[in-house]
Amino acid sequence: FSGYSDMAIGLSRLFGIKLPLNFNSPYKSTSIIDFWNRWHITLSQFLRQYLYFALGGNRLGKARRYTNMMLTMLLGGLAFLIYVLAYTPLKRRTPACTLVGAVSGAIPLLMGWAATGAEFGLWSIVPFAILFLWQIPHFLAIAWWRRADYIGAGYRVLPHEDRQGYRTAGWALMFAMAVFAVSLAPAAANRVTHWYWLGAVAAGFVLNFSAVRFFLRRDEAAARSLFLASLYYLPAVYSLMLLCRES
C-alpha cells in the first residue's frame, strides 16, 4: 500500500499536482470520531460528499438521516472490514481469500451507484456481478505469473498449492466463462441495442480465448496474456453498457 501511495504521490508531482494528506496519525486519536477524521481522509470525504449527501444527508428528516448514515456506513465499512479483517489475514491461511477479496473489490461499485440516488436493479447488479467474477481470472493470472513472489511471501493463494496449474487455470477459465454469461444479461433483458451483442461477444471471446490458452499451456506467458486480456475486457464491457443502453 505504501508503494502504491508513493508512486501516486510521485507521479502527481511530476504533473504539478499535490495530493491531499490522507492519513494524519490516526493512532494518536482520542475517540472513534477523531480516528475516522484522521484515518483515510479521502475515503471519509468521498463517503460524506458523494454518498451521504447524495442520499439526502440530514435534509429529509431524522428517520431518513439515520437511514442514510446506516447505508453509508454499511457500504463503506463493509468493504473496509472485509478487506482488513477477512481478506488480509486469510491470504496466509486459505486460497478462499481470493473470493473474499473479490467481494471487497466489487462493493465500491455499489457505493458509487448509491451515490447517484438511482434505484438498485439490473444496471447495478450486473456490473457488480461482472466486477466480482472478473477479479478471479484477473488475479489468478497475476498469481500464476508471479507465483514465486507469492510463495516467498507466504501467501496461500491457489497457485501456491497447485504445482501443475490445473486448478488455477481451471478456476480462471470457469470464472471467465461466468463473466461472459453475466455480461449478456442486459441483452437477454432487451435493455441494450444490438451493437451490445456484437461488442460483448467479441470482448468475451478474447477473454475466454486467453483463459483457454492459459488452461492448455499453464505457463507464465499464457498467464501474462490472460492478465492483459482482462485489463482490456472490463473497460470495454462497461463502455458498451454505457453507449448501447436503451433509453
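Residues numbered from 1 in each chain as written. Predicted model: local features only at pLDDT ≥ 70, side-chain atom pairs only at ≥ 80, totals over all residues. Heavy atoms only, no water.

Trainee: Quick rundown of the pattern of salt bridges? Include the residues and the values.
Mentor: Following the criterion strictly, the structure yields one salt bridge and no others. For aspartate 219, the salt bridge identified is with arginine 217, shortest N-O distance 3.0 Å. (Salt bridge = Lys/Arg side-chain N within 4 Å of Asp/Glu carboxyl O.)

Trainee: With reference to specific residues and values, describe the packing of helix 8 (residues 166-183) against helix 11 (residues 220-243).
Mentor: Relative to each other, helix 8 and helix 11 sit at 15 degrees, their axes nearing to 13 Å. In terms of orientation, helix 8 lies roughly parallel with respect to helix 11. For the crossing formed where helix 8 meets helix 11, the hand is left-handed. Within the contact between the two elements, helix 8 uses Ala172, Val179, Phe180 and Ser183 and helix 11 uses Leu226, Tyr233 and Val237. Among the residues forming the contact of helix 8 with helix 11, the class breakdown is six nonpolar, one polar and no charged. (Axes fitted to C-alpha atoms, helices over the stretch in contact; angles between N-to-C directions. Helix = DSSP H or I, 4+ residues; strand = E, 2+ residues; numbered from the N terminus. Parallel < 35°, antiparallel > 145°, perpendicular 65-115°, else oblique. Left-handed = near helix turned anticlockwise from the far one by under 90°. Contact = heavy atoms within 4.5 Å. Nonpolar A, V, L, I, M, F, W, Y, C, P; charged D, E, K, R; others polar.)

Trainee: Talk me through unusual backbone geometry; I want residue IDs and the actual numbers.
Mentor: For residues besides glycine, phi is generally negative; the peptide bonds are generally trans as well. With phi around 60 degrees, asparagine 190 is a residue other than glycine that occupies positive phi space. With respect to the helices and strands, asparagine 190 occurs in the loop between helix 9 (185-188) and helix 10 (194-217). For asparagine 190, a relative accessible area of 65% gives the class exposed. For arginine 218, which is not a glycine, the phi torsion comes out positive at approximately 55 degrees. With respect to the helices and strands, arginine 218 occurs in the loop between helix 10 and helix 11. Assessed through its relative accessible area of 19%, arginine 218 is described here as buried. (Buried < 20%, exposed > 50% of the residue type's maximum accessible area, 1.4 Å probe, protein only.)

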